[in-house]
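Structure assessment
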Amino acid sequence: MIAYKDLLLLLFLAHSCAQTEHQLATTTSTTATTTTATTATTTTASTIEAAIIATVVTPVVKPSGEAETTTTATTTTTTTTTTTTTQQPILATTSDVPEYLRNCFYAEEELCLNWHQTQTDSQNGSETAETGENVAPISTAIETDNQTSSQVVNQEMNRDNNSCQCREHPIKAGSWYCCNIPNISMISSCSNISKWTNLHVRNLTASTLDLSNSIYRSLHSLAMTNGNISQLINSFPRHSKIRCLDFSNNDIVEIERRAVKDVPHLEFFGISNNLLSRVPNRNQNKNVALDISGNMRMLCEPLNEIIYTDSFIFVNPERSFCLYNATHKWFNSTDLVSVKQLESIKKCGTKCPNIPNYGNCSCNIYNIMIIQNDQSKTVCNVDCSNLGLIELPPQLPDNTFTLNISNNRISSLGDHFHTNPTYCNIVKLDADNNRISSIYEFEGTKFIEHFQRLYMRNNSLSKIPEYFLNNALMDTDGRRIYLAENRLQCDCNSAKTLQNWLKERSTDIPDYMDIRCRNLPQSVIELQESKLCQSPPDWTDYIYYLIAAEVILLLALITKVSYDYWVFKTAGYLPWPASKMPKLPCDWLCES
């Protein structure tokens with residue numbers, strides 16, 4: 001009897017060991033299959049489906065005493081799968097972020113893309129742990145998966161507007177993010193909002209957003225991007241802690257003028273890619289970086305005031321444009337001007353020449369030139385007239401297009417137009433009423449290549465270099481040179497060449513009739529070639545008279561000799577002058 005009981009006990013133990021080994025092998029196979037399915041899938045939904053199928057493929061029939069162990073193993077497998085497919089966000093290193101964005105927080109887009117799937121995974125894991133049931137049949141698993149997909153599609157519509165719909169960032173503590181928010185109450189209903197440091201809201205839909213809401217009081221970084229917001233009303237609470245503020249990529253049309261007036265620590269204000277026409281008033285902190293790129297309705301006039309008062313530091317000024325209204329003679333046009341060009345307004349004022357012992361020049365923006373393929377250029381007008389200067393200013397502001405040095409005592413232009421880079425953009429030079437004696441200094445300069453107006457009236461010019469002025473005025477339209485009241489040294493060449501050249505260039509030199517001569521009481525255009533082109537008296541002028549006299553004397557001599565010879569032949573004696581002449585040694589030849 002004892003032997004029979006011992007035999008039954010041994011058989012039962014052997015069966016239990018075999019069943020345990022089978023269970024371990026099955027569990028191992030299930031885990032391996034689940035891991036393979038997880039690696040092959042990229043989304044959380046497909047991972048869960050693979051885990052369910054892998055578990056169902058190898059069903060195990062266990063004794064009732066082993067149900068708890070099996071449930072634990074299955075739950076562990078599902079948890080491992082979910083952990084494997086969760087994509088951890090990658091934060092940018094400090095060296096990759098510009099200085100003005102160091103205190104800004106932006107949640108990764110993947111966190112919003114996986115928002116509902118992560119919540120579904122969490123719910124499925126909880127339901128599995130609570131039921132404690134064994135693995136469901138295949139049909140039941142597929143039906144559950146279809147229900148889960150339907151819940152994901154309709155979950156956005158079924159969210160409670162009065163419940164918190166924000167989550168904490170998985171890496172950066174105190175930083176929260178919200179996705180696809182149709183109502184601001186989904187943020188304000190969060191219980192621990194007073195402990196938040198950073199907040200990034202993606203795709204917020206709100207016609208108006210009240211900036212005085214208390215939910216922003218504790219934030220250091222606030223970003224509401226890629227949404228549909230029309231207007232920002234009111235202003236942030238006084239002494240707000242916000243350092244980074246970003247409302248980019250919305251449809252904002254208007255922002256309260258005092259919106260950021262009382263945010264003393266603000267470092268970055270991003271309002272790019274909106275529909276704004278002007279920016280809010282400046283902040284107490286003058287080192288605020290402002291990004292307005294992509295606002296194609298922005299007006300230039302209010303931006304000029306901001307630049308002039310150092311209100312903001314513009315980010316991407318070369319890609320930020322504003323509307324400039326240009327009034328032309330026959331029509332009005334609206335052109336886009338880059339903020340980079342508008343910033344030269346400040347340079348025009350701060351770099352205005354200050355000449356010791358003479359005074360200060362005045363500088364202002366005269367106009368904005370719209371130049372093809374270069375967007376636009378500001379025209380800085382520098383006025384140094386009536387200062388008693390004896391030479392040109394050593395430095396000019398950037399983009400100086402017009403320079404007025406009239407009514408001074410300047411006698412020479414020097415080499416400024418050759419070597420000084422601040423003179424290379426000048427297209428209009430007003431140098432009337434000075435003592436300039438020559439304009440040869442313009443030869444070979446950029447000024448003579450692209451100038452539009454040159455005023456040199458009432459100076460001390462003695463000659464006009466028509467040879468290089470002719471090249472400068474050739475094939476051009478609209479250039480003008482004014483030379484009236486200059487007294488030139490007139491000569492025959494002036495009557496022959498200069499006078500004709502002035503008549504040919506009468507359109508380019510409108511006051512050519514008022515150019516006078518210093519050595520003659522008349523203007524250049526009145527010169528007469530017949531009077532000026534005569535040589536002074538010389539002995540060579542009497543050479544013809546001498547030759548004529550010599551010819552006459554020669555004829556008289558021949559006539560006298562011929563007469564004496566005739567007398568001698570007819571009368572036999574020589575004339576009285578010849579008879580009184582002494583005889584010469586050679587006369588014997590004649591006597592013989």
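Just so it is clear, the model here is predicted, and its values are computed rather than measured. (Residues numbered from 1 in each chain as written. Predicted model: local features only at pLDDT ≥ 70, side-chain atom pairs only at ≥ 80, totals over all residues. Heavy atoms only, no water.)

A few words on the pattern of salt bridges. Following the criterion strictly, the structure yields 7 salt bridges and no others. The closest approach of N and O atoms between glutamate 99 and arginine 102, which form a salt bridge, is 3.6 Å. (Salt bridge = Lys/Arg side-chain N within 4 Å of Asp/Glu carboxyl O.)

This paragraph deals with the packing of aromatic side chains. In the structure shown here, the tally under the stated rule is 12 aromatic pairs. Look at phenylalanine 447 and phenylalanine 451: their rings are 5.5 Å apart centre to centre, the planes differ by 25 degrees, and that puts the pair in the stacked class. Both residues of the pair, phenylalanine 447 and phenylalanine 451, belong to the buried class. (Phe/Tyr/Trp six-rings, centres within 6.5 Å; stacked < 30°, edge-to-face > 60°. Buried < 20%, exposed > 50% of the residue type's maximum accessible area, 1.4 Å probe, protein only.)

With that settled, the discussion passes to a nonpolar patch on the surface. A contiguous nonpolar patch, built from Ile543, Tyr544, Leu546, Ile547, Val551, Leu554, Leu555, Leu557, Ile558 and Val561 and spanning about 980 Å² of accessible area, is present on the exposed surface. Here isoleucine 558 is to be found in helix H16 (residues 543-571). (Patch = residues over 30% accessible without salt bridge, like charges linked within 9 Å, V, L, I, M, F, W, Y side chains within 5 Å. Areas by Shrake-Rupley, 256 points an atom, 1.4 Å probe, with all protein chains shown as cover. Helix = DSSP H or I, 4+ residues; strand = E, 2+ residues; numbered from the N terminus.)

Where helix H13 (residues 466-473) contacts helix H14 (residues 492-504), the axes come no closer than 12 Å and their chain directions differ by 20 degrees. Between H13 and H14, the angle is such that the two are roughly parallel. In this structure, H13 meets H14 at a crossing whose hand is left-handed. Residues Glu466, Leu469, Asn470 and Leu473 of H13 lie in contact with H14, whose contacting residues are Thr497, Leu498 and Trp501. (Axes fitted to C-alpha atoms, helices over the stretch in contact; angles between N-to-C directions. Parallel < 35°, antiparallel > 145°, perpendicular 65-115°, else oblique. Left-handed = near helix turned anticlockwise from the far one by under 90°. Contact = heavy atoms within 4.5 Å.)

What follows covers the pairing of strand E5 (residues 228-233). Where strand E3 (residues 198-210) lies against E5, 5 bridges are found, and the strand directions are parallel. Counted as the bridge partner of alanine 206 is isoleucine 229 from E5. In this structure, E5 lies alongside strand E7 (residues 254-255), joined through 2 bridges in parallel fashion. Within E7, the position partnered with glutamine 231 by the bridge is glutamate 254. (Pairing = 2+ DSSP bridges.)

On any regular strand, side chains alternate: one points to one face of the sheet, the next to the other face. Within strand E2 (residues 175-181), 6 of the 7 residues are buried, which leaves it mostly tucked inside the rest of the structure. Remark: 6 residues form the turn of the hairpin made by strand E1 (residues 166-168) and E2, two consecutive strands paired antiparallel; glycine 174 in that turn has positive phi of roughly 80 degrees. Of the pairings in the sheet, the one linking E2 to E3 comprises 6 bridges and is parallel in character. Note that in E3 the partner of serine 175 across the bridge is asparagine 198.

A separate point is the state of the cysteines. Tallied over the full model, the rule gives 9 disulfides. Covalent S-S linkage joins cysteine 104 and cysteine 244, the inter-sulfur distance amounting to 1.8 Å. Judged by the sign of its S-S torsion, about 100 degrees, the cystine formed by cysteine 104 and cysteine 244 is right-handed. Taken together, the positions of cysteine 104 in the loop between helix H3 (67-85) and helix H4 (109-113) and cysteine 244 in strand E6 (residues 244-246) put the pair 140 residues apart, joining distant regions of the chain. The two residues cysteine 104 and cysteine 244 agree in class, both being buried. The disulfide partner of cysteine 164 is cysteine 190, and the S-S distance across this bridge is 1.8 Å. The disulfide joining cysteine 164 to cysteine 190 has a torsion of about 80 degrees about its S-S bond and is therefore right-handed. Here the residue cysteine 164 occupies a position in the loop between helix H6 (138-154) and E1, and cysteine 190 occupies one in the loop between helix H7 (185-188) and E3, the gap between them amounting to 26 residues. What makes cysteine 164 partly exposed here is its relative accessible area of 32%. With a relative accessible area of 4%, cysteine 190 lands in the buried category. (Disulfide = S-S within 2.5 Å.)

Before going further, it helps to spend a moment on the nonpolar core. Formed by 51 residues in total, the largest nonpolar core has its most connected members in Ile187, Leu222, Phe236, Phe247 and Phe269. Of all the secondary structure elements, the ones that give two or more residues to this core are E2, H7, E3, strand E4 (221-225), E5, helix H8 (300-308), strand E11 (321-327) and helix H9 (339-342). A total of 5 residues in this core trace back to one element, the largest contributor, which is E3. Those residues in contact with leucine 222 that lie beyond four places of it in its chain are Leu199, Tyr216, Phe236, Ile242, Cys244, Leu245, Asp246 and Phe247. Residues Leu392, Leu461, Ala472 and Leu498 belong to the second largest nonpolar core, which totals 50 residues. (Core = buried A, V, L, I, M, F, W, Y, C linked by side-chain atoms within 4.5 Å.)

Put simply, the protein has an average pLDDT of 76, and 67% of its residues get 70 or more. pLDDT under 50 marks residues 370-375. Its contacts with residues more than four places away, or in other chains, come to 8 contacts. (pLDDT = per-residue confidence, 0-100.)

On to the side chain of asparagine 198, then. Take asparagine 198: it is sitting in strand E3. On the basis of relative accessible area, asparagine 198 is assigned to the buried category, the value being 7%. Side-chain polar atoms of asparagine 198 contact the side chain of serine 175, separated by 2.9 Å. When neighbours within four sequence positions are excluded, asparagine 198 is seen to be in contact with Phe105, Lys172, Gly174, Ser175, Trp176, Leu219, His220 and Ser221. (Polar contact = N/O pair within 3.5 Å; in protein donor to acceptor, adjacent residues only side chain to side chain.)

This brings us to the environment of tyrosine 216. Residue position: tyrosine 216 is located in the loop between E3 and E4. Look at tyrosine 216 and you get buried, because its relative accessible area is 0%. As for tyrosine 216 and isoleucine 193, which are separated by 23 residues in sequence, their C-alpha atoms are 9.0 Å apart. In this structure, tyrosine 216 is in contact with Ile184, Leu209, Asp210, Leu211, Leu222, Met224, Phe236, Ser240 and Ile242, ignoring residues within four places of it in sequence.

So, about the environment of serine 212. If you trace the backbone, serine 212 turns up in the loop between E3 and E4. Residues serine 212 and isoleucine 233, 21 residues apart in the sequence, show an inter-C-alpha distance of 8.1 Å.

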